[in-house]
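Each chain, letter by letter, is given below.
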Amino acid sequence: MFTITIIILSVLLLVFGFGWVNSDVSYKYEIQDTLVARKALDEHQRDIIHGIIFCKIAAVSSFVLLILTLVIHELEPTFKGRVQYVKKK
């Protein structure tokens, strides 16, 4: 279960990280000149900005979840994904 979680979070981090970088490149070539010229943005340019924001939040969230998963797994070696109940005497 731990391995599957690490793989899924790593893939999500790569996908959203790629989307973030790709949107930043689109921003440079499609939006930056429009903003410098103080013109209004069209719908496609607004979608690029929304994509940057979404991918940034998703990539950072995936990274934080990945780090938390690794920290919890390291600090709780006895847990190993199972909950154990102990009867008190």
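The coordinates are above.
Residues numbered from 1 in each chain as written. Predicted model: local features only at pLDDT ≥ 70, side-chain atom pairs only at ≥ 80, totals over all residues. Heavy atoms only, no water.

(A) Representation of the side chain of serine 23. Locating serine 23 in the fold gives a position in helix α1 (residues 2-36). A distance of 2.9 Å separates a polar side-chain atom of serine 23 from the backbone oxygen of glycine 19. Non-local contacts of serine 23, meaning those with residues more than four positions away in its chain, are made with Ile48, Gly51 and Ile52. (Helix = DSSP H or I, 4+ residues; strand = E, 2+ residues; numbered from the N terminus. Polar contact = N/O pair within 3.5 Å; in protein donor to acceptor, adjacent residues only side chain to side chain. Contact = heavy atoms within 4.5 Å.)

(B) Summary view of the pattern of salt bridges. Per the counting criterion, the structure on display carries 1 salt bridge. Across the pair glutamate 43 and arginine 46 runs a salt bridge whose closest N-O atoms are separated by 2.9 Å. Taken together, the residues span about one helical turn, with glutamate 43 and arginine 46 both in helix α2 (residues 43-75) at a distance of 3 residues. (Salt bridge = Lys/Arg side-chain N within 4 Å of Asp/Glu carboxyl O.)

(C) Region of the structure containing unusual backbone geometry. Its identity as a non-glycine residue notwithstanding, arginine 38 has a phi of 60 degrees, on the positive side. Tracing the backbone shows arginine 38 in the loop between α1 and α2. Judged by relative accessible area, which is 79%, arginine 38 ranks as exposed. (Buried < 20%, exposed > 50% of the residue type's maximum accessible area, 1.4 Å probe, protein only.)

(D) The arrangement of the packing of α1 against α2 in detail. Taken N-terminus to C-terminus, the directions of α1 and α2 make an angle of 155 degrees; their axes are 7 Å apart at the nearest point. When the axes of α1 and α2 are compared, the pair comes out roughly antiparallel. The way α1 lies across α2 gives a crossing that is left-handed. A breakdown of the residues in the contact of α1 with α2 according to their chemical character gives 20 nonpolar, 13 polar and 3 charged. (Axes fitted to C-alpha atoms, helices over the stretch in contact; angles between N-to-C directions. Parallel < 35°, antiparallel > 145°, perpendicular 65-115°, else oblique. Left-handed = near helix turned anticlockwise from the far one by under 90°. Nonpolar A, V, L, I, M, F, W, Y, C, P; charged D, E, K, R; others polar.)

(E) Seen up close, the packing of aromatic side chains. Inspection of the entire model under this criterion finds 1 aromatic pair. Ring plane angle 85 degrees and centroid distance 5.7 Å describe the contact between phenylalanine 16 and phenylalanine 54, whose orientation is recorded as edge-to-face. Taken together, the positions of phenylalanine 16 in helix α1 and phenylalanine 54 in helix α2 put the pair 38 residues apart, joining distant regions of the chain. (Phe/Tyr/Trp six-rings, centres within 6.5 Å; stacked < 30°, edge-to-face > 60°.)

(F) Examining a nonpolar patch on the surface more closely. Together, Val60, Phe63, Val64, Leu65, Ile67, Leu68, Leu70, Val71, Ile72 and Leu75 line one region of the surface with nonpolar side chains, adding up to about 880 Å² of accessible area. Mapped onto the secondary structure, phenylalanine 63 falls in helix α2. (Patch = residues over 30% accessible without salt bridge, like charges linked within 9 Å, V, L, I, M, F, W, Y side chains within 5 Å. Areas by Shrake-Rupley, 256 points an atom, 1.4 Å probe, with all protein chains shown as cover.)

(G) Representation of α2 within the structure. Here α2 is 33 residues long and its end C-alpha atoms lie 47 Å apart, about the 48 Å a rise of 1.5 Å per residue gives. Every buried residue belonging to α2 is among Gln45, Ile48, Ile52, Cys55, Ala58, Ala59, Ser62, Leu66 and Thr69, and all of these are buried. As for α2, its buried residues are in contact with α1. (Expected span 1.5 Å × (residues − 1).)

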